[in-house]
Amino acid sequence: LLHLKQTRHLMLPSDYHFEYTDCDVLGSRWRVAVPNKPDTCTGLPDPVKGTQCTFSCSEGEFLDMRSQECQKCSGGTYSLGTGVAFDEWDSMPAGFISHGMNMNIADIYTNCSNSTWIPKGDYIASNIDECTSTLSYAVSLKKAGTVSFEYFYPDNTIFFEFYVQNDQCESTDSEGRWMRTSEKDWTPHNLKLNRGNNVLYWRTTSFALVGSAVKPVLLRNIAISGVAYTSECFHCKPGTYSAKPGSAHCTPCPADSYSNKGATVCQQCEVDKYAEAGSGSCKRRPACTTSDYFYTHTPCDSKGQTQLMYKWIEPKICSEIVEGTVHNSTGGAVKLPASGQMETCPPCNPGFSVTNTSGCEPCPHGSYSNGTACAECPVGTEPVVGFEYKWWNKMPDNMRSSVYSNSYSGLRRWEVAGEYIYTTQGDLDSDYMMLSLTVPGYRLPHSVAKDDERSELSRISFVFETQCTADCTLYFMAGYSERTNDMVEHWSGSTRKQSYSYLVKSNSTVSFTWGFQRTQAYTFHTLQYSSDFAKMYTVQITNVVGGVASQCRHCALGSGSASECVPCPPAHYMVNGTGVCKSCPPNTFIRADQTVGEAACIHCGPNTHSNKAHSACVSDCRLDLQSTGGGEVLQYDFTPLANITSFQSSPRFTSKGLRYFHQFRVGLCGEEGREVAVCVDNVTESRKEVRGYACQSTVVPSEVRGQSVVSSQPFTIGDTLIGVTSDTSLDSIASLESSFITKSNLPDVIFYYRSSETTQACKKGRTTTIRLRCDPTVAGKDQITLPSKCSEGTCDGCSFHFLWRSLYACPLCTESHYREIVSACIQGIQRTTYVWQQPLQCTGGVSLPAQTVSACVTLDFWLKVGVSTGTVAAILLISISCYFWKRTRKLEYKYSKLMMTAGDKECELPAADSCAIMEGEDAEDDLIYLTKKSFFTKIKSFSRERSSDGFDSVPLKSSSGLEMEMS
């Protein structure tokens, strides 16, 4: 017992530490001593009553477990009181878990095990592939608290969400969990946490399937408050310090100073060294080069003069006295060039006038200027308002420059240089040098009529140039604000001086941003491409609310006021140099960008007609076409196909195996007020929508955001109907006939469309042809196929071609498409049936006539009629034969009588004048047959044979009336 007591008294405070037991149902707990070595179990202090579970210390304090009282943190340390902080990311801190997973519903074989968050020293970076990467941390709060962190989220092609799940696995609201893209540099975010268990999730998913490289999401300075207690203070990390006891956080060291871990004060760097803010060490100053300064023009002074000035890029880190350097050929540091001589200021930008102090101010409404003095627009004219910047002595009031960076950001920016504005050196080659233009909105001129078919509100044009030695990129973005702008176009590498125009179709597109990045690879060392630059020469935007005018144009005058401009009536154009409106020819529309001159009237394409406002040509989905070979006229009605139709390309895959599609939406035809095709972007905050006859977007099946499909990168491929015809080319648009070969004798009907949006690759805009082919076997309305050689619907990215096979693409049925079949006469009834000609190649139109029934006569009746008619005809024929036989016998008798008379006087011819029947002979002749013979006697006489001398026997009458036979 004595030995045990001596051993107990020998236990030193360094051999154990204190901890609290778990809280009981009453909220009480005990303080117990826990040995630092597992084999020591004796000599420990007895347990004592601990503080209440709700007890906590304030910020800058920690709980001394021996006294169970709060003590202030000493200098060089800090404490959150009831919180924990994570500001060093050399490795993954304890408690944090990161894993990658595949959110694509269909692709179960994509390997995402390596797609995790990666510690980068001062921050942690997300993955940049199409896998979903999650960073999580579980914490138990004894009371309600908060979580705060800073993030850098520059790329809106990534989904970035932060949410918290509690004990019941309930998450934060679905809307507030989505992070907003960073407007500039690091963005702070905080969220309240409830008492109990909380699991924090940071999750990213990329959907940038094409285009430039994805920029990761960066996190730093994660702090959580509301934990049970803090029993110790944390040392300030290198580059920070806390001078006073009881600090809740550490302060970064200013530029040109540094500090070690747990510092109470920052140390100044030596003269030949420098340090950025928050540095843990100093670096030797490099020799100054020509990349360390920039040139600019001073604002015009009161004398109207300006001066070319050279300035060091701030903060200046280079040295002008360093000997021997590889950065220049002179063997030493360069000096700042002397300022140039005073020069006459260029004129103000168009629409501005020079003030008494040689500054520039906008001309009042209703006036214009070429950059010198303002002048009122004459009566009958109106100002052409907007902004045109081509002189750069001062940054315009509605433009500003900034830098997007994933680390410290200095004051580098776009600088004005008289005839252009250009980019200066950045902190890192991967920084984004941003130039932004913001306008309040748009208003069409009074001389332009408003119309739903006219989509152009404004047009922004700019002239630029880039010079690069690496993979630099110039981005042009548009949207509602800098933070939500979407990329419109980009140019990689060096580009010659050129212009670009973009059509503004929405009043919500009021922000435009140019971003220049020297390289996409993140660099953390000496600048390598600081000499690369982008220059902007001119920027012009039209129809801006509150804009200025550089010229005035004639307009039509209203009847109420002599100076009030009004639009010309529909289908009218303005005669050049006058305010007179003249009617356009029939079936034409007025060009949106030109309403003056007869050239403003554009004829509608085949089988289309102008709308009521004569601002566009439309089709009512009905047309007549000549059949092949110049035969009959075919009538079509495509109304059943006029509804919005969606279809997809064949699946495509990224390098990770993520499956995605190109989705197309088509609104074939229709009059004014028709439903149009809409493609959306549900990835970014802008929720961009494009509308037209045809559009395309990229879709990915996914469970992100609770959506079955993620849609991004929408653009129109046809917002203007050019014409409808069976010809294979129209208005310089050719239909891809070789990929849609047909054996049908019916012509394909082709719809031609054009998009007004131009891109770097499609300088004349995109075009689309939809070939409608009659196919009676396809009753559906969405049987659309893509060219076999171009699985994405296009081979060059500018011309799109589709084949739409459907029953409803057949011509309307006419009488020539069916024939009649007549049945036999059965029981006095005959039926006539109508059937379609096969193969049937028509739809709708005339209906097939119903079967008809008519009375008829059977074959037996006609047979009887034929027999009776034949019998009558035979009797009649016999009677006629008998008649002529009788006449013949008379002639024979007279001939015989003549011969008898000639026999009485030999060798003497009779002296009769004629052998005709003499007067009185008929009576004599009649006596021959007074004696009637029976039928058989006549038959016998008919059959009497001739005599031996060759003459027939002829019965004669004697003078006494007795019959005798003469031979």
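Per an unreviewed UniProt entry, the protein goes by the name Endosome-lysosome associated apoptosis and autophagy regulator 1 and belongs to Oncorhynchus kisutch. Listed in UniProt under the heading Subcellular location (unreviewed entry), the comment for the protein reads: "Cell membrane". Reading the Sequence similarities (unreviewed entry) entry of the UniProt record for the protein gives the comment "Belongs to the ELAPOR family."

Q: Kindly report on the overall build of the protein, identifying the contributing residues and their values.
A: A count of helices and strands for the protein gives four helices and 71 strands. Considering the protein as a whole, with its 967 residues, one finds that 44% of them fall into the buried category. Long-range pairs, those at least 24 residues apart, make up 64% of the contacts in the protein between residues at least 6 apart in sequence. Approximately 50900 Å² of the protein is accessible, and the part contributed by carbon and sulfur atoms is 53%.

Q: I'd like a description of the pattern of salt bridges, backed by residues and values.
A: Evaluated as defined, the whole model comprises 17 salt bridges. A salt bridge links Asp 272 to Arg 284; the shortest N-O distance between them is 2.6 Å. With Asp 272 in the loop between strand S21 (267–268) and strand S22 (273–274) and Arg 284 in strand S23 (residues 283–284), the pair connects residues that are 12 residues apart, well separated along the chain. For Asp 272, a relative accessible area of 33% translates into the label partly exposed.

Q: Just give me the short version of the sheet that holds strand S2 (residues 30–35), but keep the residues and values in it.
A: Strand order in this open sheet of three strands is S1-S2-S3, and the pairing throughout is antiparallel. Only two strands of the sheet have a single neighbouring strand rather than two, namely strand S1 (16–20) and strand S3 (48–49). With five bridges joining them, S1 and S2 adopt antiparallel strand pairing. Paired with Glu 19 across the strands is Val 32, a residue of S2.

Q: Account for the nonpolar core, with residues named and values stated.
A: Core analysis: the biggest nonpolar cluster contains 40 residues, and Trp 414, Tyr 442, Ile 460, Phe 462, Phe 476, Phe 512 and Trp 514 have the highest contact counts within it. Considering each element in turn, this core owes the most residues, four residues, to strand S41 (residues 533–542). In contact with Phe 476, other than residues within four places in its own chain, are Ile 460, Phe 462, Asp 486, Met 487, Val 488, Glu 489, Trp 491, Tyr 500, Tyr 502, Phe 512, Thr 513 and Trp 514. Val 618, Cys 621, Val 724 and Tyr 753 belong to the second-largest nonpolar core, a separate cluster that totals 34 residues.

Q: Hey, could you go over the pairing of S41 for me, with residue numbers and the actual values?
A: Counting buried residues along S41, seven of its 10 residues qualify, which places the element largely inside the surrounding structure. Sheet analysis places strand S31 (residues 381–389) next to S41, joined by four bridges and oriented antiparallel. Note on S41: the bridge partner recorded for Glu 388 is Gln 540. Here strand S34 (residues 421–423) runs beside S41; their pairing, made up of two bridges, is antiparallel. Bridge pairing in S41 links Tyr 422 to Lys 535. Taken together, the eight bridges between strand S36 (residues 458–467) and S41 define a ladder with antiparallel strand orientation.

Q: So what's going on with unusual backbone geometry? Residues and values would help.
A: With omega at 0 degrees, the peptide bond leading from Gln 838 into Pro 839 counts as cis. The residue Pro 839 is located in the loop between strand S68 (829–836) and strand S69 (852–855) in this model. Its identity is not glycine, yet Gln 68 carries a phi of approximately 55 degrees, on the positive side. Relative to the elements of secondary structure, Gln 68 occurs in the loop between strand S4 (61–64) and strand S5 (69–72). By relative accessible area, which is 16% here, Gln 68 ends up buried. A positive phi angle, close to 55 degrees, is found at Asn 587, a residue other than glycine.

About the cut-offs
Residues numbered from 1 in each chain as written. Predicted model: local features only at pLDDT ≥ 70, side-chain atom pairs only at ≥ 80, totals over all residues. Heavy atoms only, no water. UniProt positions renumbered as here; feature names shortened; annotations may be inferred. Helix = DSSP H or I, 4+ residues; strand = E, 2+ residues; numbered from the N terminus. Buried < 20%, exposed > 50% of the residue type's maximum accessible area, 1.4 Å probe, protein only. Contact = heavy atoms within 4.5 Å. Areas by Shrake-Rupley, 256 points an atom, 1.4 Å probe, with all protein chains shown as cover. Salt bridge = Lys/Arg side-chain N within 4 Å of Asp/Glu carboxyl O. Pairing = 2+ DSSP bridges. Core = buried A, V, L, I, M, F, W, Y, C linked by side-chain atoms within 4.5 Å.

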